Amino acid sequence: MRILITGGAGFIGSHLCEFLTQRGDKVIVLDDLSTGKFENIEHIKGVECIIDSTLNQDIVRDLVKDVDMVFHLAATVGVNLVINHPIQTIVNNIQGTETVLEETCRYRRPLLITSTSEVYGKSTKEVFEEEDDQIIGPPHRHRWCYAASKAIDEFLALAYWKEKRHPVYIVRLFNIVGPRQTGQYGMVLPNFITQALKGEPLRVFGDGQQTRSFAYVGDIVPPLVQIIERPDLCGTVFNLGNDKSVRIIDLAHKVIELTKSSSIIQLIPYNEAYPEGYEDMRHRVPCLKKIRKAIGYTPQTSLETIIQRVTDYIQKKFRLV
Ligand code: UDP
């Protein structure tokens, strides 16, 4: 099959490229290389890369016409980028998705959109179910423009399903981690591991009692493909991640232990860690009942194995031993 991946040169997109080419698909990547990197995909045979934006409707139309299905991963992501570039975030995430929806609908190509656990906002529930309310903070706190833009993407996609029977699928990803994820835009795990390998203090924001559940990228890629190949699941929203959570302070300790680092841990108040406009969520765990029932998904990779694999990757890439 011929498959288009927008944002295919990014961290998750590049793993999806690998998976699809390994089973014999021809993959076309559309990526503006804003956060994605060509080096993430240059080793993969069977991938063609177009460097352009999902905002370029002519390009999107040309590419969509010639493929069998589309994975839409292109988005502005990462807390630092979102807070510092809210216009780019809102325009890319809403207009880019609108364009991809319009063109995939024109040619009736199945479309899977990756959304995010951020859409649940600052709800104090610990475990989020797909039908839960979304509690998003006020517009002057720029962090929330990411959640709001992704929520609009979901509304629009489901509207296309309802009004035009466009085959769309939505998957909300929860803290996906693994090799090729960069810490540059704020993601915690690559930052902790890099700090530990360099013997620098691990910077834990807030009191460190907040929790997250981290899923290995290799566990979540096959389910994306399983979902888009199931016409009976069209118009459905799924959570995808790992339902085991860890306190961020414990994550820091685990990273120090597994990397055998002599680093110490520093608690950094939020107002020093982030520019104005940041609000943190205390807990965020996906309820996986729906996706388990639909495709039999269970996360496989333990946090220890994930830390080990990311450590190996960072050591090799930056020659940190
Ligand atoms: N965090 C941290 N140190 C870092 C980066 C993040 O303590 O260097 C914290 C952050 O405040 C949040 C958690 O780790 O509570 C996860 O942050 P990340 O940006 O990876 O994901 P998200 O907040 O989007 O879940």
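Residues numbered from 1 in each chain as written. Predicted model: local features only at pLDDT ≥ 70, side-chain atom pairs only at ≥ 80, totals over all residues. Heavy atoms only, no water.

## Things to note about the side chain of Asp-31
Condition: What counts as a helix is a DSSP run of H or I of at least four residues, what counts as a strand is a run of E of at least two, and both are numbered from the N terminus. Here, residues are in contact when the closest pair of their heavy atoms is within 4.5 Å.
Note that Asp-31 resides in strand E2 (residues 26-31). With residues near it in sequence (within four places) discarded, Asp-31 still touches Gly-7, Gly-8, Ala-9, Gly-10, Gly-36, Ile-50, Ile-51 and Asp-52.

## Here we look at the site of the ligand
Counted only if it meets this: Only heavy atoms are used to decide nearness, and a residue is near a molecule or strand if one of them lies within 4 Å of it. Polar contacts here mean pairs of N or O atoms no more than 3.5 Å apart (in protein, one a potential hydrogen donor and the other a potential acceptor; neighbouring residues in sequence count only if both atoms are side-chain atoms). Exposure was quantified through the Shrake-Rupley algorithm and a 1.4 Å probe, taking into account, for residues, occlusion by the shown protein chains and nothing else. Polarity classes work like this: nonpolar for Ala, Val, Leu, Ile, Met, Phe, Trp, Tyr, Cys and Pro, charged for Asp, Glu, Lys and Arg, and polar for all others, with Gly in that last group.
The immediate surroundings of the ligand are formed by 19 residues, with Val-188, Phe-205, Arg-212, Asp-280 and Arg-284 found nearest. Arg-212 is positioned such that a nitrogen or oxygen atom in its side chain is 2.6 Å from an oxygen atom of the ligand. One of the side-chain nitrogen or oxygen atoms of Arg-284 is found 2.4 Å away from an oxygen atom of the ligand. When the ligand is considered free in solution it has 510 Å² of accessible area, and contact with the protein chains removes 94% of it. Across the shell around the ligand, the residue classes tally to nine nonpolar, four polar and six charged.

## Overview of the pairing of strand E1 (residues 2-6)
The line we're drawing: Residue burial is assigned from relative accessible area. The probe radius is 1.4 Å, only protein chains are included, and a residue is buried under 20% of its type maximum, exposed over 50%, and partly exposed in between. For two strands to count as paired, DSSP must find a minimum of two bridges between them.
Burial of E1 is extensive: four of the five residues sit out of reach of the surface. Looking at chain direction, E1 and E2 are connected through five bridges and run parallel. When the sheet's bridge partners are listed, Leu-4 is paired in E2 with Ile-28. Sheet analysis places E1 next to strand E4 (residues 69-72), joined by four bridges and oriented parallel. Looking at E4, one finds that Ile-5 is bridged to Phe-71.

## A closer look at the packing of aromatic side chains
Rule in force here: A pair of Phe, Tyr and Trp rings is counted when the ring centres sit within 6.5 Å of each other, with Trp represented by its six-membered ring. The angle between the planes then sorts it: under 30 degrees is stacked, over 60 is edge-to-face, the rest tilted.
On inspection of all chains with the given rule, the structure shows three aromatic pairs. Between Tyr-120 and Phe-174 the ring centres are 5.9 Å apart and the planes differ by 40°, which places this aromatic pair in the tilted class. Of the two residues, Tyr-120 sits in the loop between strand E5 (111-116) and strand E6 (127-128) while Phe-174 sits in the loop between strand E7 (168-173) and strand E8 (176-177), which places them 54 residues apart along the sequence. Judged by its relative accessible area of 0%, Tyr-120 falls in the buried class.

## Remarks on the environment of Leu-30
Along the chain, the position of Leu-30 falls in strand E2. Residue classification places Leu-30 among the buried residues on the basis of a relative accessible area of 2%. Sequence separation between Leu-30 and His-166 is 136 residues, and the spatial gap between their C-alpha atoms is 21 Å. Once you skip the residues sitting within four places of it in the chain, Leu-30 turns out to touch Leu-4, Ile-5, Thr-6, Gly-7, Gly-8, Ile-50, Asp-52, Ser-53, Thr-54, Ile-59, Val-60 and Leu-63.

## Remarks on the pattern of salt bridges
Rules: Between Lys or Arg on one side and Asp or Glu on the other, a salt bridge is scored when a side-chain nitrogen of the former is within 4 Å of a carboxyl oxygen of the latter.
Inspection of every chain in the model, using the stated rule, returns 23 salt bridges. Salt-bridge contacts for Arg-61 lead to Glu-103; the nearest nitrogen and oxygen are separated by 3.2 Å. Taken together, the residues span a long stretch of sequence, with Arg-61 in helix H2 (residues 57-65) and Glu-103 in helix H4 (residues 86-106) at a distance of 42 residues. Take Glu-103: its relative accessible area is 0%, and that puts it in the buried class. Sharing partners across several salt bridges, the network here consists of Asp-58, Arg-61, Glu-102, Glu-103 and Arg-106.

## Some remarks on the sheet that holds E1
Think of a sheet as strands paired side by side through backbone hydrogen bonds, with each pair either parallel or antiparallel. Definition in use: A fitted line through C-alpha atoms represents every axis, and for helices the fit uses only the stretch in contact; the resulting angles, taken between N-to-C directions, go from 0 to 180 degrees.
The parallel open sheet is built from seven strands, whose spatial order is E3-E2-E1-E4-E5-E7-E12. Each of the sheet's edge strands pairs with one partner strand only, and the pair in question is strand E3 (47-51) and strand E12 (236-240). Geometrically, the sheet is characterised by an average inter-axis angle of 20° between neighbouring strands, direction not taken into account. Contacting E1, E2, E3 and E4, H2 runs over the sheet at an angle of about 170° to E2.

## Concerning a nonpolar patch on the surface
Basically, it comes down to this: Each patch is built from residues lacking any salt bridge and having more than 30% relative accessible area; the joining distance is 9 Å for like charges and 5 Å for nonpolar side chains (Val, Leu, Ile, Met, Phe, Trp, Tyr).
Where nonpolar side chains cluster on the molecular surface, the patch consists of Leu-55, Ile-87 and Val-91 and spans about 250 Å² of accessible area. For Leu-55, the location among the structural elements is in the loop between E3 and H2. Taking the relative accessible area as the measure of exposure, Leu-55 reaches 32% and is therefore partly exposed.

## Section: unusual backbone geometry
With a phi angle near 55°, Arg-108 is a residue other than glycine that sits in the positive phi range. Inspection of the secondary structure assignment puts Arg-108 in the loop between H4 and E5. A positive phi angle, near 50°, is found at Lys-260, a position not held by glycine. Along the chain, Lys-260 falls in the loop between helix H8 (248-258) and strand E14 (265-268).

## Remarks on the nonpolar core
Put simply, the test is: Residues belong to one nonpolar core when they are buried, are Ala, Val, Leu, Ile, Met, Phe, Trp, Tyr or Cys, and are joined through side-chain atoms within 4.5 Å.
Ile-5, Phe-71, Leu-189, Ile-220 and Leu-251 are the most contacted members of the largest nonpolar core, which has 60 residues in total. Ranked by residues supplied to this core, first place goes to helix H7 (residues 217-228) with seven residues. Setting aside chain neighbours within four positions, we find Leu-251 in contact with Val-188, Leu-189, Phe-192, Phe-214, Val-246, Leu-303 and Ile-307. Ranked by size, the runner-up nonpolar core spans 18 residues in total, among them Val-60, Val-100, Cys-105 and Val-168.

## A word on the packing of helix H1 (residues 11-22) against H7
Put simply, the test is: Each crossing is labelled by how the near helix is turned from the far one, with a counterclockwise turn of less than a right angle marking it left-handed and a clockwise turn marking it right-handed.
Interaxial distance between H1 and H7 falls to 9 Å at its minimum, and their mutual angle equals 65°. The handedness of the crossing between H1 and H7 comes out as right-handed. Between H1, through Phe-11, Ile-12, His-15, Leu-16, Phe-19 and Leu-20, and H7, the contact on the second element is made entirely by Val-217, Ile-220, Val-221, Pro-222 and Val-225. Counted by class, the contact of H1 with H7 contains 10 nonpolar, one polar and no charged residues.

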